[in-house]
Every structure is written in structure tokens, then in C-alpha cells.
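# Commentary on secondary and tertiary structure
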Amino acid sequence: GVIFVVVLLLSNYFYATFFYTNDPNLSIFQLAFAEDSINKSTSLSTIAIAVFCMASYENKKIALKKRITFNTLPELTITKKETVIVAALIMLYIFLGKGSLMSHKDDYSGQFEFGFRSYLKLAFVYLYYLIIKDVYNCRSADSFKSFLRKSNPIILSLSLLTILFFLLTGGRVVPLRVILLYLFCYTYFIKKISNVKIFIGAVSMAFILFLVGSLRNIWGDSEISQGTIAEVSDVKNVLYYFKDLVINSRSLYELVSYADKTGYTFGISMLQDILAVGPGFQSFVINLGVSRESLNSAMLVTSLYFHGDTYTIGLGTNIVGDVYVAFGLIGLIILFYFLGSFLKNLENKTYNGDFIACLLLVAFSMDVVFYTRNGYFAPLRNVVWIYIFYRIQFKQKFNKYIADNFNF
């Protein structure tokens, strides 16, 4: 919750309070946008943050234990078969996408992609599940070195390969998910990471993501050299390192302006993220004749600028704008209060030893940084599928246990 609030502050305050007066044409703000809605949008962000904090506030602080004792459950075994299948699918995805090296694409671009390769992304969702299982199985480790020795080498290698591949394609969402997943799982299953280490890691990661985002705009056009890296990392102010979070406040201004002038979508603009839970659901609905722009606030923002013309890039969205354009101020208050309560409830159950709550919490938390620049229901697909993977395995093991121990 704390990380989410900090990122919300970075995303929705820095342009209005610093960049608008010092560098108004920062990045995507070179495009025309609804400047007259900046003040109202910042106020709406303040309300969203306040409501979220109120909902997630605890009168009695939960003491972080070194190691949480989870309720009894079947051992989360990792079979050779599942690691081989996931490794093969990920390698196939990388092979099919080898031409995208040095390109500038990302998961949160707002683009719609349908096809075989897009469905292969489910292999990465299963990798997330394997990471959770692997760290859980290493819960007897008493140090980071011990954890590395006990961890599954195939899963660790696939994680590193995934991070490297997506960084080389200019993507930062998947690498950050993998890193955060390890961070949260290590905290819950093994031991708490000190705040100092988290702060140092966060600063380092912010710089790396800034560097990747800056370099991907010139990859393929010129050779990357030490001088190039030095040039793009030389910024006027440290706030520029967070510009990838800041730029999506443009979408907030556009969505607030659109809602005030045109009216609310009453949830229609959230449907893409909900439909994403089922493979093929999005393409099925669009093939029925429903416009892409009406199903997704990111596509709506893009369409507002390009006026329906053909476009190859998406301008992204903003979680506050996504909720406001759907349900207005009342919806903003209700949904952000629900979000805060939901996460608080999961965390409380986690520290009481509920493994399923912990599973859902870490699946949700791995999107916590880029969640602010996406739709409200964006994490739903990963959370649902990771839960499905767990329930399938749990049921198989339960049936095997019954068959081995009872005769009916």
C-alpha cells in the first residue's frame, strides 16, 4: 500500500507542481492536452489517495515477523514437466519476437494485440506462479545466499532470461514484475528486507528504468555507446528519473476533460481489462463490432488525440482517470476505498498464515509500480490465472492424497 501511494504521488503531482512551470513540453506533453483540467485532476488524485489511505489504515500495526508460518497445505512441488513446458513456450515467444530487439514496445502502451504470440504471454504468467512456488519452497533459507542455493536453477535462469529479453526490447513492465515478485515473496516466505536495502534498490531500479525508457527511443537508429548512456542520463533534476510515471498524468487530464464534456462511460471503458482474463474474449467482443476505444481508457486517450485516424502507438492511461471517466467522483471514492480495504484484508490474512491470501497479494503487488499508469482492473488477469494454476495443482494433489490413503 505504501509503495502504491508513493507512486501515485509521483505520477499525479510532479507534472502539475514542477514540470508544468519548468518543462511543460516534457516527453508526451509535447502533444496538445486539456491543460485547463490540471487543477481538477490533481484534486481528484488527492481524493483518491486520501480515500485509499483511509481504507488501508490500521489502528493496530501488524508486526512483521522474520518468517510467517502458513496454514497446512500440500507441498508446492515443481515438476520437471511444467518447467520444461514453460521454458519451451518462453523460448518460442523470444524466438518469434527476436525481430523486436532494439524496438520500443511495452505492455502498457495501450495497443491491442491478438494472435498466437500474444497468447504465449500466458507462459510468463505461469512463470510468475513458478517463482512464487520456488521461493515458498525455499522458506527454510536463512540468508540470500542460502536462498540462491536452494532455489530451482531452471526457474532462476528463466527469470533472468525474461528480464534480459524484455529490457532489450525496451519493455520494463515484465522485468519489474519478476523483480518485485521475488522481493515480495522473499519478504513473506523467508525474511523481511530492511527499509534501507529497499530504498537503495528502488532508487537504482528507477534509474535503470529511466535509462531503458530513454535509450529505447534511439535503439535501432544509432549504436549505443558509453557516451550515449552518459548523454541520456544527464538530467537537469532528479525528478526526471521518474518521468515515465509522470507522463501518464497527461492521460488523467484528458480523461477528466472528456468525462466532464461528454459524460461517463459507466464502466464500459474498463471492460478490456476484465475481458483480458479469458483468452480470446477481447477479440471476440471487438469482432462483434464494439469499438476498441469504448472498451479501454488507454485507447480512448489515443483516439482523442489522433481523432480516429490510423495510429501505431498508444498514449496510455492513468488509474485515477480510468475510474473517473467510468463512474465520476462517487465511483472514484467507492473504488479506491474498496481497493485499500481489499489490500489491507489480504495483508492481514497473510500475516495470519493464509497462503491463498498471500498468493493473491503478491500476484497483485507485482504490478504495484506501473499500476498507476494502467486501468483499475489491469492486474486482474495475472491474479486470476495464478490463482487458477494454484487451484488446479491443489486439486490434483488432494485427489492423489485421497486415492493413496482411502479406499471407497
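Our structure's up above, just so we're on the same page.
Being a predicted model, the structure only gives us computed values, none of them experimental. Residue numbers run consecutively from 1 along every chain, following the written order of its sequence. With pLDDT at 70 or above as the cut-off, local features in this predicted model cover only qualifying residues; side-chain atom pairs require 80 or more to be listed or tallied, and sums for whole chains, interfaces and linings still use all residues. Side-chain numbers here rest on the full set of heavy atoms in the structure, without hydrogens or water.

## Examining the overall build of the protein chain
The criterion, for reference: A run of H or I in DSSP becomes a helix once it reaches four residues, and a run of E becomes a strand once it reaches two; helices and strands are each numbered from the N terminus. Each residue's exposure class comes from its accessible area (1.4 Å probe, protein chains only) as a fraction of the maximum for that residue type: buried when under 20%, exposed when over 50%, partly exposed otherwise.
The secondary structure content of the protein chain amounts to 19 helices and zero strands. Looking at the protein chain as a whole, 50% of its 408 residues qualify as buried.

## Let's talk about the pattern of salt bridges
Put simply, the test is: By definition, a salt bridge exists where a carboxyl oxygen of Asp or Glu is found within 4 Å of a side-chain nitrogen of Lys or Arg.
Enumeration according to the criterion identifies three salt bridges in this entry. Between E82 and K133 there is a salt bridge whose closest N-O contact spans 3.0 Å. Remark: K133 occurs in helix α5 (residues 122–137) and E82 occurs in helix α3 (residues 80–96); sequence separation between them is 51 residues. The salt bridge involving R177 is made with D367; its shortest N-O contact spans 2.6 Å. Of the two residues, R177 sits in helix α8 (residues 173–189) while D367 sits in the loop between α18 (355–365) and α19 (380–405), which places them 190 residues apart along the sequence. The burial state of R177 is the same as that of D367; both residues are buried.

## What about the state of the cysteines?
For clarity, the threshold we go by: A pair of cysteine sulfur atoms is labelled a disulfide when the two atoms are within 2.5 Å.
Per the stated rule, a full pass over the model turns up zero disulfides. Cysteine C185 is unpaired, with the sulfur of C358 as its nearest cysteine sulfur at 6.7 Å. Residue classification places C358 among the buried positions, given a relative accessible area of 0%.

## Notes on the packing of helix α1 (residues 2–22) against helix α2 (residues 38–56)
The condition is simple: Between N-to-C directions, angles cover 0 to 180 degrees, with each direction set by a line fitted to C-alpha atoms, over the stretch in contact for helices. Each angle is binned into one of four classes, with values under 35 degrees roughly parallel, values over 145 roughly antiparallel, values of 65 to 115 roughly perpendicular, and all other values oblique. Helix crossings are classified by the rotation of the near helix relative to the far one: an anticlockwise turn of less than a right angle makes the crossing left-handed, while a clockwise turn makes it right-handed. Here, two residues are considered to be in contact whenever any of their heavy atoms come within 4.5 Å of each other. In the scheme used here, Gly and all other residues not listed as nonpolar or charged are polar, with Ala, Val, Leu, Ile, Met, Phe, Trp, Tyr, Cys and Pro taken as nonpolar and Asp, Glu, Lys and Arg as charged.
Interhelical geometry of α1 versus α2 gives an angle of 160° and a closest axis separation of 10 Å. Considering the angle they form, α1 stands roughly antiparallel to α2. Relative to α2, α1 is oriented so that their crossing is left-handed. Contact residues: α1 offers F4, V5, L8, L9, N12, Y13, Y15, A16 and Y20, while α2 offers I38, T42, S45, T46, I49, F52 and C53. Residue composition of the contact of α1 with α2, grouped by class: twelve nonpolar, four polar and no charged.

## Details of a nonpolar patch on the surface
As a reminder of what qualifies: Two joining distances apply to patches: 9 Å for like charges and 5 Å for nonpolar side chains (Val, Leu, Ile, Met, Phe, Trp, Tyr), and every residue must have over 30% relative accessible area and no salt bridge. In this description, accessible areas are obtained by the Shrake-Rupley approach with a 1.4 Å probe, and a residue is regarded as covered only by the protein chains that are shown.
Where nonpolar side chains cluster on the molecular surface, the patch consists of I85, L89, L92, F95 and L96 and spans about 420 Å² of accessible area. Take I85: it is sitting in helix α3.

## Some points on the packing of aromatic side chains
Going by this rule: Pairing of aromatic side chains requires ring centres within 6.5 Å, counting the rings of Phe and Tyr and the six-membered ring of Trp. Pairs whose planes differ by under 30 degrees are stacked, by over 60 edge-to-face, and all others tilted. Two conditions define a charge sitting above a ring: the NZ of Lys or the CZ of Arg must be within 6 Å of the ring centre, and it must be within 35 degrees of the ring normal.
Under the criterion given, the structure shown has 35 aromatic pairs. Ring centres of F4 and Y371 lie 5.5 Å apart, and the angle between their planes is 35°; on these two criteria the pair is classed as tilted. Remark: Y371 occurs in the loop between α18 and α19 and F4 occurs in helix α1; sequence separation between them is 367 residues. Across the pair, Y371 and F4 agree in class, each one buried. Aromatic pair F338 and F342: ring centres 6.0 Å apart, planes at 15°, arrangement stacked. A residue pair is termed a helical-turn pair when its members lie 3 or 4 positions apart in one helix, as F338 and F342 do in helix α17 (residues 319–351) at four residues. Three or more aromatic residues joined by ring pairs form one cluster here, namely F4, F52, F338, F342, F364 and Y371. Between the NZ or CZ atom of R139 and the centre of the ring of Y136, over which it lies, the distance is 4.0 Å.

## Here we look at the nonpolar core
Note the cut-off: Among the buried residues, those of types Ala, Val, Leu, Ile, Met, Phe, Trp, Tyr and Cys that are joined through side-chain atoms within 4.5 Å form a nonpolar core.
Core analysis: the biggest nonpolar cluster contains 110 residues, and F4, Y128, Y188, F189, V320, F336 and I386 have the highest contact counts within it. Residues contacting I386, with those up to four places away along its chain left out, are V125, Y128, Y129, I132, L359, A363 and M366.

## Digging into helix α12 (residues 249–262)
How we decide: An expected span of 1.5 Å times one less than the residue number is assigned to each helix.
The first and last C-alpha atoms of α12 sit 20 Å apart over 14 residues, in line with the 20 Å expected at 1.5 Å per residue. Turning to α12, its buried residues are S249, R250, S251, L252, Y253, E254, L255, V256, S257 and A259. Close packing links the buried residues of α12 with α1, α2, α11 (243–246), α16 (297–306) and α17. At the C-terminal side of α12, G263 shows a positive phi close to 115°.

## Brief notes about α16
Let me state the cut-off plainly: N or O atoms within 3.5 Å of each other form a polar contact, as long as, within protein, one can give a hydrogen and the other can take it, and as long as residues adjacent in sequence are counted only when both atoms are side-chain atoms.
Within α16, seven of the ten residues are buried, which leaves it mostly tucked inside the rest of the structure. For α16, the complete set of buried residues consists of S297, A298, M299, L300, V301, T302 and S303. Lining the buried residues of α16 we find α12, α15 (292–295) and α17. At the N-terminal boundary of α16, the capping side chain belongs to N296, with an oxygen 3.1 Å from the backbone nitrogen of A298. Looking at the residues trailing α16, positive phi occurs at H307, about 55°.

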